[in-house]
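Residue-level listing of the chains:
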Amino acid sequence: MIDGLYFIFGNDDFRRQAKLEEVIARLDAGRKNVVTIDCEDNFEEERLINELLSTGLFAQEKTLVVKNLLTTKGLDSEVVIKKIQKKSPTVNVIILEKNNVDKRTKLYKFLFKSSYFIELQTLSKVSWEKFALELVTKNNIDIEGEAQRLLLAGTEGNGWQLQNILEQLRLYCLGRTVTSRDIDLFLPRKVVGDSFALLDALKAGNDKVMVGHLAALRAQSEPVLVLGAIAYQYRALVYVKGLLEAKTPYAEIARRAKIMPFVVGKLTPLAKNLSWSWLAKTYQFIAQTDINIKTGAIAPEAGIELLVYNLSRRHKGLMLHIGG
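Since this is a predicted model, take the numbers as computed values, not measurements.

Visitor: For the sheet that holds strand 3 (residues 62–67), give the residues involved together with the corresponding values.
Guide: Here five strands make up an open sheet; going across it, the order is 2-3-4-1-5 and the pairing parallel. Each of the sheet's edge strands pairs with one partner strand only, and the pair in question is strand 2 (34–38) and strand 5 (116–119). Averaged over neighbouring strand pairs, the angle between their axes works out to 15 degrees when direction is ignored. Inspection of the sheet shows strand 1 (residues 5–9) paired to strand 4 (residues 91–97) by five bridges, in the parallel sense. Looking at strand 4, one finds that Y6 is bridged to I94.

Visitor: Quick one: what's the story with the packing of aromatic side chains, residue by residue and with numbers?
Guide: Scanning the model with the defined rule gives 12 aromatic pairs in all. Between F14 and W160, the aromatic rings sit 5.2 Å apart at their centres with planes inclined by 90 degrees, giving edge-to-face as the arrangement. Placement of the pair is F14 in helix 1 (residues 13–28) and W160 in helix 7 (residues 159–173), with a sequence separation of 146 residues. Residues F14 and W160 agree in their burial class; the two are buried. Site record: aromatic cluster; members linked through ring pairs are F7, F9, Y108, F112 and F117. Against the face of W276 rests K241, its NZ or CZ located 5.6 Å from the ring centre.

Visitor: Break down the side chain of E51 for me, citing the residues and quoting the values.
Guide: Position of E51 relative to the elements: it lies in helix 2 (residues 45–53). With a relative accessible area of 17%, E51 lands in the buried category. Beyond its immediate chain neighbours, meaning those up to four positions away, E51 contacts V35, I37, K62, L64 and V91.

Visitor: I'd like a description of the pairing of strand 1, backed by residues and values.
Guide: For strand 1, a buried count of five out of five residues is recorded, marking the element as mostly surrounded by other parts of the structure. What you see with strand 1 is no split at all: L5, F7 and F9 on one side and Y6 and I8 on the other are buried throughout.

Visitor: Got a sec to walk through the confidence of the model for the protein? Specific residues and values, please.
Guide: Summary statistics for the protein give a mean pLDDT of 81 and a share of 84% for residues scoring 70 or more. Ranking the elements of the protein by mean pLDDT puts helix 9 (residues 189–204) last, at 62, and strand 1 first, at 93. When the criterion is pLDDT under 50, residues 189–193 qualifies, and its contacts beyond four places in sequence or with other chains add up to 12 contacts.

Visitor: Just give me the short version of the pattern of salt bridges, but keep the residues and values in it.
Guide: Evaluation of the coordinates by the stated rule reveals 12 salt bridges. Close ionic contact of E22 with R26 constitutes a salt bridge, the shortest N to O distance being 3.7 Å. Of the two residues, E22 and R26 both sit in helix 1, four residues apart, roughly one turn of that helix. Looking at E22, the relative accessible area reads 39%, which means it is partly exposed. Overall, the relative accessible area of 49% leaves R26 in the partly exposed class. A salt bridge links E119 to K103; the nearest nitrogen and oxygen atoms lie 3.4 Å apart. A residue pair is termed long-range when its members are at least 10 positions apart, and E119 in strand 5 and K103 in the loop between strand 4 and helix 4 (106–114) qualify at 16 residues. Looking at K103, the relative accessible area reads 39%, which means it is partly exposed. It is possible to trace a salt-bridge network through shared partners that takes in K19, E22 and R26.

Visitor: Tell me about the nonpolar core, and name the residues and values.
Guide: I230, Y234, L237, L267 and L307 are the most contacted members of the largest nonpolar core, which has 30 residues in total. Among the elements of the structure, helix 9, helix 11 (223–245), helix 12 (250–257), helix 13 (261–273), helix 14 (276–295) and helix 15 (300–315) are those that each provide at least two residues to this core. When residues of this core are assigned to their parent elements, the largest contribution, 10 residues, is made by helix 11. F7, L52, L70 and L111 belong to the second-largest nonpolar core, a separate cluster that totals 25 residues.

Visitor: Before we move on, could you go through the side chain of N92 and cite the residues and values that matter?
Guide: Here N92 lies in strand 4. Judged by its relative accessible area of 6%, N92 falls in the buried class. In this structure the side chain of N92 is engaged in a polar contact, spanning 3.1 Å, whose partner is the side chain of E61. Discounting residues that sit within four places of it in the chain, N92 has contacts with G4, L27, E61, K62, T63 and L64.

Visitor: Break down the pairing of strand 3 for me, citing the residues and quoting the values.
Guide: Most of strand 3 is tucked away: five of the six residues are buried. Since strand 3 and strand 4 lie parallel, the crossover through helix 3 (residues 77–85) that links them has a hand, and here it is right-handed.

Visitor: Lay out the environment of K125 with the relevant residues and their values.
Guide: Within the secondary structure layout, K125 lies in helix 5 (residues 125–138). Each C-alpha atom, one on K125 and one on G157, is 8.6 Å from the other, the two residues being 32 residues apart in sequence.

Analysis parameters
Residues numbered from 1 in each chain as written. Predicted model: local features only at pLDDT ≥ 70, side-chain atom pairs only at ≥ 80, totals over all residues. Heavy atoms only, no water. Pairing = 2+ DSSP bridges. Helix = DSSP H or I, 4+ residues; strand = E, 2+ residues; numbered from the N terminus. Axes fitted to C-alpha atoms, helices over the stretch in contact; angles between N-to-C directions. Phe/Tyr/Trp six-rings, centres within 6.5 Å; stacked < 30°, edge-to-face > 60°. Buried < 20%, exposed > 50% of the residue type's maximum accessible area, 1.4 Å probe, protein only. Lys NZ or Arg CZ within 6 Å of the ring centre and 35° of its normal. Contact = heavy atoms within 4.5 Å. pLDDT = per-residue confidence, 0-100. Salt bridge = Lys/Arg side-chain N within 4 Å of Asp/Glu carboxyl O. Core = buried A, V, L, I, M, F, W, Y, C linked by side-chain atoms within 4.5 Å. Polar contact = N/O pair within 3.5 Å; in protein donor to acceptor, adjacent residues only side chain to side chain. Right-handed = clockwise from strand over helix to strand, strands pointing away.

Printed below as a string of structure tokens:
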């Protein structure tokens, strides 16, 4: 075991980020001497090695956070292992992987044996309930039994969503007991989930799958809520595009846009490929559909179908088709 070496990985984004912040707080102790290298953005082996070997300012301890090291292309694992073994005693190293890693590699096997090893996979069933209840308690929110059951079931495995909903409930309920009706207001479970699947089908140009997801959405909720769920996905797309262009880190995008990191990953390629003018015109059409439905200019079901049809055409590079 190498003192001051930590390895945190797994597909549970929420707990992984929380554990990173916890370890940094314990190691840094308020000195704010933290250096972060994200190998996914721009891997520089020389800089990594220099940071491993250099002491902290005025011989104080330094915390070096290295993200996405194990999935870096062209990495010389043997060189990195040797440098980690020779790291300065005043340098604490946290290796952080946002994805599952290949456990057959030399670097993984070395870290498994030599570091404080923390694997955080997505929780489910009993393990999720235990973690979620701890998070509810930490947020100091009183939730009645049935409401709690609905909340835990509807957010299973998604710590980001649970935390966001708890924050909204705290502001909305102002200290009173949270009821099932409150949960229904802030837990757009299947509608939002299926609207994301619908967006996936739209961008892939798969009309058959698109029709299936649209049918699922319509079966679950009123047309106006279906429209809101679709608009939600394009609003998230606009938000992600803006934050990407501002060079915002993925984890921060998820936090500021209040969407899951894996969703950010799925939206990123689309956000990069679509122009602002394309998004503006598309969003204007969604807004006009909303107006048409609410003013009675078009029947709600017909409005949703026409909207999705036109979104499909837009993603295929075709013109909007207005008409019966």
